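# Descriptive analysis of the structure
Below, each chain spelled out in residue letters.
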Amino acid sequence: MSKRFNAFRVEELDGEKPEYRASIIERSVDDLPEGEVLIRVAYSSLNYKDALSASGNKGVTRQYPHTPGIDLAGEVVEAFEDCFSVGTPVLVTGFDLGMNTDGGFAEYARVPASWVVPLPEAMSLKESMILGTAGLTAALCVEKLLQNGLKPEQGEVLVTGATGGVGSIAVALLAKLGFEVVACTGKQDKVEFLCKIGASNVIGRDELDIDNKRPLLKERWAGAVDVVGGDTLMAILKSLRHSGSVAACGLVGSTSLDASVFPFILRGVNLLGVDSVMLSQEKKQSVWQKLSTQWKLDNLEEMSKAISMQELEESLALILAGKASGRTVLEL
């Protein structure tokens, strides 16, 4: 008899206007998509993309019914061609997981072997999902800034969207590495939280002078991590110090960039694009190894809360409404 398990399932309802309903249902392992590795999921994590998928956003998920969850961590139950040993703790982030392939909001998942990364020895399954795609993305941003010469003695480093998943981990990681981190947020009730995880200063969005149309602003930031995009990203570019860099990884504000060439040709600044979805298994494994050793954060538990599958729908709605902060981990 095939294994039965619980899954958070989103279905599209019939009607003139598209409507979607989420529920916890029982499924069979035989219903899962093809792949070389079957994983018993212990933890997943909540991301903005999951909230979009669960609300019926066809730009993220084309076909319903569907199980969201772009992150998962657990242990191998079955593996073809001996690619992984049964019982091996592993994690999966990115690729098509949780988008058009059933994801981590279920007790079992089946995926291609090329998506699977062995869990680093110095990291627990829960820690890997407190980090998740957000932590991986934040680490890639920091890595690119360091590769482009950013040093603590150069001055303040800005992080926008600082209370979100990527932003909060970027704040904590930069602080751990000795940088003076300025966190930018529109949530003034989260100042204490941001200072606790490592921010030396917290500013509101108005302090970025976003509406100023001048081609250059006063030099301030030695570097930045931006998850907002649009006018916020342009304001950062205009106020970077000479040869400074901004790692761009998000679009919660806008997908557009009304850019001038002046910051690039007069101050030699760098705009660094960061993608964490389609990275090779080797690259992901390298970054996860850093996050489990020299970049390991001591305050991960303080940055996260755990929920059950029954709390998923409410928690995803908070993310979609921009009311979530830190990291939310689904315990399975």
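Calculation notes
Residues numbered from 1 in each chain as written. Predicted model: local features only at pLDDT ≥ 70, side-chain atom pairs only at ≥ 80, totals over all residues. Heavy atoms only, no water. Helix = DSSP H or I, 4+ residues; strand = E, 2+ residues; numbered from the N terminus. Polar contact = N/O pair within 3.5 Å; in protein donor to acceptor, adjacent residues only side chain to side chain. Contact = heavy atoms within 4.5 Å. Salt bridge = Lys/Arg side-chain N within 4 Å of Asp/Glu carboxyl O. Buried < 20%, exposed > 50% of the residue type's maximum accessible area, 1.4 Å probe, protein only. Patch = residues over 30% accessible without salt bridge, like charges linked within 9 Å, V, L, I, M, F, W, Y side chains within 5 Å. Areas by Shrake-Rupley, 256 points an atom, 1.4 Å probe, with all protein chains shown as cover. Lys, Arg positive; Asp, Glu negative; His and termini not counted. Charge placed at Lys NZ, Arg CZ, Asp CG, Glu CD. Pairing = 2+ DSSP bridges. Right-handed = clockwise from strand over helix to strand, strands pointing away.

## Section: the side chain of Asp50
Position of Asp50 among the secondary structure elements: in helix 1 (residues 48–54). At a separation of 2.9 Å, a polar atom in the side chain of Asp50 contacts the main-chain amide nitrogen of Asn47. Contact partners of Asp50, with chain neighbours within four places excluded, come to Ser45, Pro68, Gly69, Ile70, Phe105 and Leu316.

## A few points about the pattern of salt bridges
Across all of its chains, the model carries 15 salt bridges by this definition. Note that Glu78 is salt-bridged to Lys3, the shortest N-O span being 3.9 Å. One end of the pair, Glu78, is in strand 4 (residues 71–79); the other, Lys3, is in the segment before strand 1 (4–13), with 75 residues separating them in the sequence. The class of Glu78 is partly exposed, set by a relative accessible area of 36%.

## Side note on a negative patch on the surface
On the surface, a cluster of negative charge is contributed by Asp209, Asp211, Asp231 and Asp258. Position of Asp231 among the secondary structure elements: in helix 5 (residues 230–239).

## Quick look at the pairing of strand 12 (residues 240–248)
In this structure, strand 11 (residues 221–226) lies alongside strand 12, joined through five bridges in parallel fashion. Residue pairing in the sheet places Gly223 in a bridge with Ser245 of strand 12. In the classification by handedness, the crossover that spans strand 11, the intervening helix 5 and the parallel strand 12 is right-handed. Relative to strand 13 (residues 270–273), strand 12 runs parallel, the two being bridged by four bridges. Opposite Val246, over in strand 13, you have Leu271 as the bridge partner.

Remember that the coordinates give geometry; whether it matters functionally is a separate question.
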